[in-house]
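Coordinate inspection notes
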Amino acid sequence: MVGTAQTIFDTTLEYAKQREQFGVPIGSFQAIKHKFVDMSIALERGPIPRLLRRAHHRRGRPAPHKPTTSVAKAAAGDCQRLLAKEGIQIHGGIGYTWEHDMQLLVRRIKSGEPLFGTSSWHKARIAELLGV
């Protein structure tokens, strides 16, 4: 999931540097810069790598009061959803077409939700494990 989010970020950043509007790259517009800052913060948030490592180390060991895997999945899912939304916005219409890889990356995100659970499902599971 984090790899797909990173690919979306890299693809979108390259596109913003190359695509020109009004004679300048669209990456130079303030609104686009703000989107990249939000995407960068979501992607580089400290908890996601730490949570993934912790979930990996706890794998196979029962810890019903520690929902580490669900916390990591919910955080990564929220990050992935934000990057997909902003990536499609920055790409505009080309991001929805079959000719561009953005649609493939967004479909990869959507197909992973039924397999691994949505962020909402994992958040509900965390609340249940915490007893609230």
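Since we're looking at a predicted model, the values are computed, not measured. (Residues numbered from 1 in each chain as written. Predicted model: local features only at pLDDT ≥ 70, side-chain atom pairs only at ≥ 80, totals over all residues. Heavy atoms only, no water.)

A closer look at the packing of aromatic side chains
Within the structure shown, the criterion is met by 1 aromatic pair. Ring geometry for Phe9 versus Phe36: centroids 5.8 Å apart, planes at 85 degrees, classification edge-to-face. Residue Phe9 is found in helix α1 (residues 2-18), and its partner Phe36 is found in helix α2 (residues 30-44); the two are separated by 27 residues along the sequence. Given a relative accessible area of 14%, Phe9 falls into the buried group. (Phe/Tyr/Trp six-rings, centres within 6.5 Å; stacked < 30°, edge-to-face > 60°. Helix = DSSP H or I, 4+ residues; strand = E, 2+ residues; numbered from the N terminus. Buried < 20%, exposed > 50% of the residue type's maximum accessible area, 1.4 Å probe, protein only.)

Let's talk about the pattern of salt bridges
Evaluated as defined, the whole model comprises 4 salt bridges. Residue Lys35 pairs with Glu86 through a salt bridge whose shortest N-O separation is 2.8 Å. With Lys35 in helix α2 and Glu86 in helix α4 (residues 68-91), this residue pair connects regions lying 51 residues apart in the sequence. The partly exposed category is assigned to Lys35, whose relative accessible area is 22%. Note on Glu86: relative accessible area 7%, which makes it buried. Here Arg81 ties to Asp78 by a salt bridge, and the two come within 3.2 Å at their closest N and O atoms. Of the two residues, Arg81 and Asp78 both sit in helix α4, 3 residues apart, roughly one turn of that helix. Each of Lys35, Lys85 and Glu86 takes part in one network of salt bridges that share partners. (Salt bridge = Lys/Arg side-chain N within 4 Å of Asp/Glu carboxyl O.)

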